[in-house]
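# Commentary on secondary and tertiary structure
Letter by letter, the chains look like this.
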Amino acid sequence: MKKKIFFIILLILIAFGGYKGWEYLKVKNIFDEIYYSEYDDLGYVLNQKGFPKMKQIERWDRKTADTKNVAGPVIESYKEEYLENGESLSFSFMFSKKEFYIGYTKKIDSSISYDIGYRYNIKTKNLNEDISIIDDNIEKWDIENADQIQKYFDKYNISKEEVRIVADKVLYNKVIKDWINTYPSRFSTKDIGKVVIKKDTFLE
């Protein structure tokens, strides 16, 4: 009987070790880590390690999370107190598409903002950057055309270099830094793992 119990425990430990090993291997970079930990944190109340423990993230009832994304993405939002005036920052998880989106918005006028977005796909390991203008005064409020974006930046005296600096600051000094300061990550701001970051052509 004791031998049977011992072997059952041994099999459980082996299975658990195999799962952890597979989990370690599938995470190739810090964005994989964010994606998989968010999914795990939504499924378990105990031992949460990611966004639920981040002081910067708004609290909400994760028991109601729609992980199948029937009604839309699962959203994690930064608290205003951890951002500058006119800024917003959020993460939108589409588990059904194996991707998530980091959205940063900065107001430059009462009704005009510029948006820096990062879309990550866990299959391709690509992080695609997108720059756009949000103009509440027009019907097509989301402007992605490079020439039109440039006109807005010229009007408000915003240089491409300034936007480049903001983009890097948001990604590395905010998103990644805040994450590794909370989550027991095996990555860092200097080593984010194997990922291809495709910058928006507007900033080239």
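So, here is what we can say about the structure in this document. These figures come from a predicted structure and were not determined experimentally. (Residues numbered from 1 in each chain as written. Predicted model: local features only at pLDDT ≥ 70, side-chain atom pairs only at ≥ 80, totals over all residues. Heavy atoms only, no water.)

## Considerations on the packing of aromatic side chains
- Scanning the entire structure with this criterion turns up 14 aromatic pairs.
- Between Tyr35 and Tyr36, the aromatic rings sit 5.3 Å apart at their centres with planes inclined by 90 degrees, giving edge-to-face as the arrangement.
- Over the ring of Tyr36 we find Lys26, and its NZ or CZ is 4.0 Å from the ring centre.
- Of note, Lys160 hangs over the ring of Phe202, and the distance from its end group to the ring centre comes to 4.7 Å. (Phe/Tyr/Trp six-rings, centres within 6.5 Å; stacked < 30°, edge-to-face > 60°. Lys NZ or Arg CZ within 6 Å of the ring centre and 35° of its normal.)

## Quick notes on the side chain of Ser111
- On the secondary structure map, Ser111 appears in the loop between strand S3 (99–107) and strand S4 (112–121).
- Among the residues examined, Ser111 registers a relative accessible area of 15% and is labelled buried.
- Residue contacts for Ser111: discarding those within four places in its chain leaves Ile134, Asp135, Asp136 and Asn137. (Helix = DSSP H or I, 4+ residues; strand = E, 2+ residues; numbered from the N terminus. Buried < 20%, exposed > 50% of the residue type's maximum accessible area, 1.4 Å probe, protein only. Contact = heavy atoms within 4.5 Å.)

## Some words on the environment of Asp135
- If you trace the backbone, Asp135 turns up in strand S5 (residues 126–135).
- Take Asp135: its relative accessible area is 5%, and that puts it in the buried class.
- Separated by 17 residues in sequence, Asp135 and Tyr152 have C-alpha atoms that sit 9.7 Å apart.

## Here we look at unusual backbone geometry
- Residue Lys98 is not a glycine yet carries a positive backbone phi of 60 degrees.
- Of note, Asn157 is a non-glycine position whose phi angle comes to about 55 degrees, a positive value.
- Summarising the element assignment, Asn157 is placed in the loop between helix H3 (146–155) and helix H4 (160–180).

## Overview of the environment of Asn121
- Locating Asn121 in the fold gives a position in strand S4.
- For Asn121 and Phe100, which are 21 residues apart along the polypeptide, the C-alpha to C-alpha distance reads 6.9 Å.
- For Asn121, the contacting residues outside a window of four places in its chain are Lys97, Lys98, Glu99 and Asn126.

## So, the packing of helix H2 (residues 30–43) against H4
- Packing of H2 against H4 brings their axes to within 11 Å, and their N-to-C directions diverge by 55 degrees. For the element pair H2 / H4, the angle class is oblique. Of the two elements, H2 crosses H4, and the hand of that crossing is left-handed. Of the residues in H4, those touching H2 at Ile30, Phe31, Glu33, Ile34 and Ser37 are Leu171, Ile176, Trp179 and Ile180.
- A class-by-class count of the residues in the contact of H2 with H4 yields seven nonpolar, one polar and one charged. (Axes fitted to C-alpha atoms, helices over the stretch in contact; angles between N-to-C directions. Parallel < 35°, antiparallel > 145°, perpendicular 65-115°, else oblique. Left-handed = near helix turned anticlockwise from the far one by under 90°. Nonpolar A, V, L, I, M, F, W, Y, C, P; charged D, E, K, R; others polar.)

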